[in-house]
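Read off the chains here:
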Amino acid sequence: MVIVTRKLPDVVETRMRELFDTRLNIEDRPLTQDELIEAAGQADVLVPTVTDRIDAAVLRHAGPRLKLIANYGNGVDNIDVETANNQGVTVTNTPGVLTEDTADMTMALMLAVPRRLAEGMRVLEEGKWKGWAPNWMLGHRINGKRLGIIGMGRIGQAVARRARGFGMQIHYHNRRRVAAETEEELEATYWDSLDQMLARMDVISIHCPHTPATYHLLSARRLKLLRPEAYVVNTARGEVIDENALARMIEAGELAGAGLDVFEHEPSVNPKLLKNERVVLLPHMGSATIEGRIDMGEKVIINIKTFADGHRPPNRILPSML
C-alpha cells in the first residue's frame, strides 16, 4: 500500500490510484505524529511532504512492510535518512523540478526588498499616498551590486543566471568549487572562506540544504560580518539562519533588510520580522506553481514504480550525500 500524507494535485493522485493501491489524504489535514506512526506501520511506501517529520520515533514503529519513503519535496531534512537506511528503508526525493520556480521567487524577493515594494503597497492600501515626490520611497538599485550565493547547486546557478541579467556581480561559496566552465559561464567568483565573502557582499542569497552542518550557518557571529547596507534573501530553509539574530540586527539598523520565504520555526514567524517594514515575508511559496507540483508528483511516481519493479530509484538519497 502507498500512503500519501497530504492532498496532491488531482492529476497526480489519479495516476497514483491507477498504478498503485493508494490511500490518499482527501481532507488535506496535516497528520499528527501518532497518525504518521500508524501510517508507517501500515505502508509499503510512505509519501510524506516536507512538513511531515519522519524521525527516529516514527521509524521505530515502522512495520516490516515499509521499504520506501518517497518524499514529495526536494529537501529531506524532514526525514531521518540514516535511521531509515539502517532499517533497510530506501529514501527518495524530487530534485530538479523546482529549480526555475524557486529561482524566480528568489529574484522577486531580491528586487522587492531593496526597492521597498511591500512598503509601497502598504502605503496605497492604507490610503497614505499623497502623490509623487523626488525623495519619496527611495530604494536601491541592484545593478552593479555584489551577490553572494551560499550553495551553488541547481538553484544557486539558476539564480546566478537571472542575477547576471540584472547586472549583478556573482560571487559564491560552496562545499566544492563548481566546474571551471560553469564559473566562466556565470562569471562567478569563488570564495573558499564564507566569512570573507559575507563581509564584502551587497546581497546574500541562501541556496544550501538544511543539514546538521548548515544549521545556523548564518549565525549571529556571521551575520555581524555583513555590511549594514547588505540584504539577506532566503528561499532555502529557515534553519540555516539564526532568525532571532537576524531580526534583532534589522531592527537595530545593522542590516538593510531581508526577503524571506522560509522560517526557522514554520509556520510561526518571529514577531519582530512581521512588524518590520524593511522585511518582505512570504509563506513558503518559492516552489508553489501548478507545473512544479505536478512535476514533483511525477518524480514520486517514477521513484515508486522503479522501486516496485526491483530497480534502484533514480532519486535515492543516502546518508553520505547529506
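It should be emphasised that the depicted structure is a prediction, and the values quoted were computed from it without experimental measurement.

Definitions and limits used
Residues numbered from 1 in each chain as written. Predicted model: local features only at pLDDT ≥ 70, side-chain atom pairs only at ≥ 80, totals over all residues. Heavy atoms only, no water. Helix = DSSP H or I, 4+ residues; strand = E, 2+ residues; numbered from the N terminus. Buried < 20%, exposed > 50% of the residue type's maximum accessible area, 1.4 Å probe, protein only. Contact = heavy atoms within 4.5 Å. Salt bridge = Lys/Arg side-chain N within 4 Å of Asp/Glu carboxyl O. Domains from an automatic or database assignment. Buried area = accessible area lost by both parts, 1.4 Å probe. Polar contact = N/O pair within 3.5 Å; in protein donor to acceptor, adjacent residues only side chain to side chain. Nonpolar A, V, L, I, M, F, W, Y, C, P; charged D, E, K, R; others polar. Core = buried A, V, L, I, M, F, W, Y, C linked by side-chain atoms within 4.5 Å. Axes fitted to C-alpha atoms, helices over the stretch in contact; angles between N-to-C directions. Parallel < 35°, antiparallel > 145°, perpendicular 65-115°, else oblique. Left-handed = near helix turned anticlockwise from the far one by under 90°. Arc of directions from axis to C-beta.

Undergrad: Would you take a moment to explain the side chain of H173 for this structure?
TA: Inspection of the secondary structure assignment puts H173 in strand 7 (residues 169-173). According to the relative accessible area criterion, H173 is buried, its value standing at 18%. With residues near it in sequence (within four places) discarded, H173 still touches I149, I150, G151, M152, W191, D192, S193, L194 and M197.

Undergrad: Quick question: what am I supposed to make of the pattern of salt bridges here?
TA: Two side chains of opposite charge can pair, provided their charged atoms sit close to one another. Following the criterion strictly, the structure yields 21 salt bridges and no others. When the shortest N-O distance is used, the salt bridge between R237 and D77 registers 3.2 Å. One end of the pair, R237, is in the loop between strand 10 (231-234) and helix 11 (243-251); the other, D77, is in the loop between strand 4 (68-70) and helix 4 (81-86), and 160 residues separate them in sequence. With relative accessibility at 22%, the residue D77 sits in the partly exposed group. A salt bridge links E185 to R161; the nearest nitrogen and oxygen atoms lie 2.8 Å apart. One end of the pair, E185, is in helix 8 (residues 180-186); the other, R161, is in helix 7 (residues 154-165), with 24 residues separating them in the sequence. The network of salt bridges with common partners includes K7, D10 and E13.

Undergrad: What exactly am I supposed to notice about the domain arrangement of the protein here?
TA: In many reports, interface size means the accessible area that the parts give up when they come together. Its domain assignment divides the protein into domain 1 (2-93 + 289-321) and domain 2 (98-281). If you average the C-alpha positions of domain 1 and of domain 2, the two centres end up 31 Å apart. The partner domain 2 presents five residues to the seven residues of domain 1 that form the contact. Approximately 550 Å² of surface area, both sides summed, lies buried where domain 1 meets domain 2, with 48% of it carried by carbon and sulfur atoms. If you sort the residues of domain 1 by the area they bury against domain 2, N74, D77 and T289 come out on top, with a joint share of 59%. In this assembly, domain 1 and domain 2 are joined by one salt bridge. Here domain 1 is connected to domain 2 by three residue pairs in polar contact (both at pLDDT 80 or more). Among the residues making up the side of domain 1 that touches domain 2, the classes are represented as three nonpolar, three polar and one charged.

Undergrad: Would you explain the nonpolar core in this entry?
TA: A general trend in soluble globular proteins is that nonpolar side chains are found buried together. Of all hydrophobic cores here, the largest spans 30 residues; its most connected members are M110, L147, I149, M152 and I170. The dominant element in this core, judged by the number of residues it contributes, is helix 5 (residues 99-112), at six residues. Membership of the second largest hydrophobic core comes to 29 residues, among which are M201, C208, A236 and A258.

Undergrad: Would you mind showing me how to read the packing of helix 1 (residues 10-19) against helix 13 (residues 290-308) here?
TA: Think of two packed helices as two axes; the pair is described by the angle between the axes and how far apart they sit. Two elements in contact, helix 1 and helix 13, have axes separated by 9 Å at closest approach and are oriented at 15 degrees. With respect to helix 13, the element helix 1 is oriented roughly parallel. Crossing angle aside, the handedness with which helix 1 passes helix 13 is right-handed. Contacts from V11, V12, R15, M16 and L19 in helix 1 reach R293, I294, G297, V300, I301, I304 and K305 in helix 13.

Undergrad: Quick question: what am I supposed to make of helix 1 here?
TA: Every α-helix carries 3.6 residues per turn, so stepping three or four residues along brings you back to the same face. All of the buried residues along helix 1 are V12, E13 and M16. Buried residues along helix 1 cover an arc of 95 degrees about the axis, so they all sit on one side. Those residues of helix 1 that are exposed and aimed more than 90 degrees away from the buried face are D10, R17 and E18.

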